[in-house]
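These are the residues of each chain, in order.
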Amino acid sequence: MPNSLYVTFIGIFILTIWIIWNTIYHRKKITVMTGMMISMVLGMGVGLTMGVILGILLAGDLFSSTLLAMIIGIAAGFLAGLPIGLMAVLDGTLAGMMGGMMGAMLGEMIAPEHQNTLIRIMFLLLTGTIIILFQLMQQEFIKSPHYC
């Protein structure tokens, strides 16, 4: 496995933990709708990106790549939604499941000459989406009358 994939895995892990930590820390300031958005974005983004990577790494074994990507996406969505409530948990879990399935299929079908480019694009999209999500969270914290 190339070093760039290790960097991508570490980046995904750090971004995911960062958002989940902020969600836990500010859970009293986050509305249910924003919590659902946080868990859905994280579950879908992580599921898609990890699905693409696992689909490429486990080429020829769609079952394993799909199952692993779904588990990772479900875990990310579940953990992001847990501090908010059951609606957010359900939303994040289902988004992670769907993202994992779609990502694994895409990773399995992509031509070998485009694999590295696709991984970089997916990681860039995930990073951009998480930055936008963090801005949404910051706006929510500013509007909230609650204090930690």
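On a predicted model such as this, the values are computed, not experimentally measured, just so you know. (Residues numbered from 1 in each chain as written. Predicted model: local features only at pLDDT ≥ 70, side-chain atom pairs only at ≥ 80, totals over all residues. Heavy atoms only, no water.)

Draft legend 1. Expanded view of the overall build of the protein chain. Along the protein chain, the regular secondary structure elements total five helices and zero strands. Taken from N to C terminus, the helices and strands of the protein chain fall in the order α-α-α-α-α. Against the globule reference of 15 Å for 148 residues, the protein chain gives a C-alpha radius of gyration of 15 Å, in line with a compact fold. Along the longest, intermediate and shortest principal axes, the C-alpha atoms of the protein chain span 50 × 25 × 15 Å. For the protein chain, the proportion of its 148 residues judged to be buried stands at 46%. Considering only contacts in the protein chain between residues 6 or more positions apart, those separated by 24 or more positions represent 81%. (Helix = DSSP H or I, 4+ residues; strand = E, 2+ residues; numbered from the N terminus. Rg over C-alpha atoms; globule rule 2.2 N^0.38 Å. Buried < 20%, exposed > 50% of the residue type's maximum accessible area, 1.4 Å probe, protein only. Contact = heavy atoms within 4.5 Å.)

Draft legend 2. Structural view of the packing of aromatic side chains. Under the defined criterion, the tally for this structure stands at two aromatic pairs. Ring centres of Trp21 and Tyr25 lie 6.1 Å apart, and the angle between their planes is 25°; this geometry places the pair in the stacked category. On the criterion of helical spacing, the pair formed by Trp21 and Tyr25 is a turn pair, its members being four residues apart in helix α1 (residues 3–25). (Phe/Tyr/Trp six-rings, centres within 6.5 Å; stacked < 30°, edge-to-face > 60°.)

Draft legend 3. Representation of the packing of α1 against helix α5 (residues 115–143) in the model. Running from N to C, α1 and α5 cross one another at 15°; their axes reach a closest spacing of 11 Å. Taken together, the axes of α1 and α5 are roughly parallel relative to one another. Of the two possible hands of crossing, α1 and α5 adopt the one that is left-handed. Residues Leu5, Thr8, Gly11, Ile12, Leu15, Trp18, Ile19, Asn22 and Thr23 of α1 touch α5, and the partners they reach there are Ile119, Phe123, Leu126, Thr127, Ile130, Leu133, Phe134, Met137 and Phe141. (Axes fitted to C-alpha atoms, helices over the stretch in contact; angles between N-to-C directions. Parallel < 35°, antiparallel > 145°, perpendicular 65-115°, else oblique. Left-handed = near helix turned anticlockwise from the far one by under 90°.)

Draft legend 4. α5, seen in detail. With 29 residues, α5 should cover 42 Å at 1.5 Å per step; its first-to-last C-alpha distance of 42 Å lies within 8% of that length. Of the positions making up α5, those classed as buried are Gln115, Leu118, Ile119, Met122, Leu126, Thr127, Ile130, Leu133, Phe134, Met137, Glu140 and Phe141. Each element contacted by the buried residues of α5 is listed here: α1, α2 (32–57) and α4 (86–109). (Expected span 1.5 Å × (residues − 1).)

Draft legend 5. Expanded view of a nonpolar patch on the surface. A contiguous nonpolar surface patch, about 560 Å² in accessible area, is contributed by Leu62, Met98, Met101, Met102, Met105 and Met109. Top element by residues in the nonpolar patch is α4. It accounts for five residues. Along the polypeptide, Met98 turns up in helix α4. Its relative accessible area of 41% is what places Met98 among the partly exposed residues. (Patch = residues over 30% accessible without salt bridge, like charges linked within 9 Å, V, L, I, M, F, W, Y side chains within 5 Å. Areas by Shrake-Rupley, 256 points an atom, 1.4 Å probe, with all protein chains shown as cover. Salt bridge = Lys/Arg side-chain N within 4 Å of Asp/Glu carboxyl O.)

Draft legend 6. Spatial organisation of the packing of α2 against α5. Two elements in contact, α2 and α5, have axes whose closest approach is 10 Å; the angle formed by their N-to-C orientations is 170°. When the interaxial angle is binned, α2 and α5 end up roughly antiparallel. Where α2 approaches α5, its residues Thr34, Met37, Ile38, Val41, Leu42, Gly45, Val46, Leu48, Thr49, Val52, Ile53 and Ile56 are matched on the opposing element by Gln115, Leu118, Ile119, Met122, Phe123, Leu126, Thr129, Ile130, Leu133, Leu136, Met137 and Glu140. Residues of the contact of α2 with α5, tallied by class, amount to 18 nonpolar, five polar and one charged. (Nonpolar A, V, L, I, M, F, W, Y, C, P; charged D, E, K, R; others polar.)

Draft legend 7. Layout of helix α3 (residues 62–81). For α3, spanning 20 residues, the distance from its first C-alpha to its last is 28 Å, which sits close to the expected 28 Å at 1.5 Å a residue. Among the residues of α3, those classed as buried are Ser65, Thr66, Ala69, Met70, Gly73, Ala76, Gly77, Ala80 and Gly81. Angular distribution of buried residues about the axis of α3 spans 135°; they occupy a single face of the element. Looking at the packing, one finds that the buried side of α3 touches α1, α2 and α4. (Arc of directions from axis to C-beta.)

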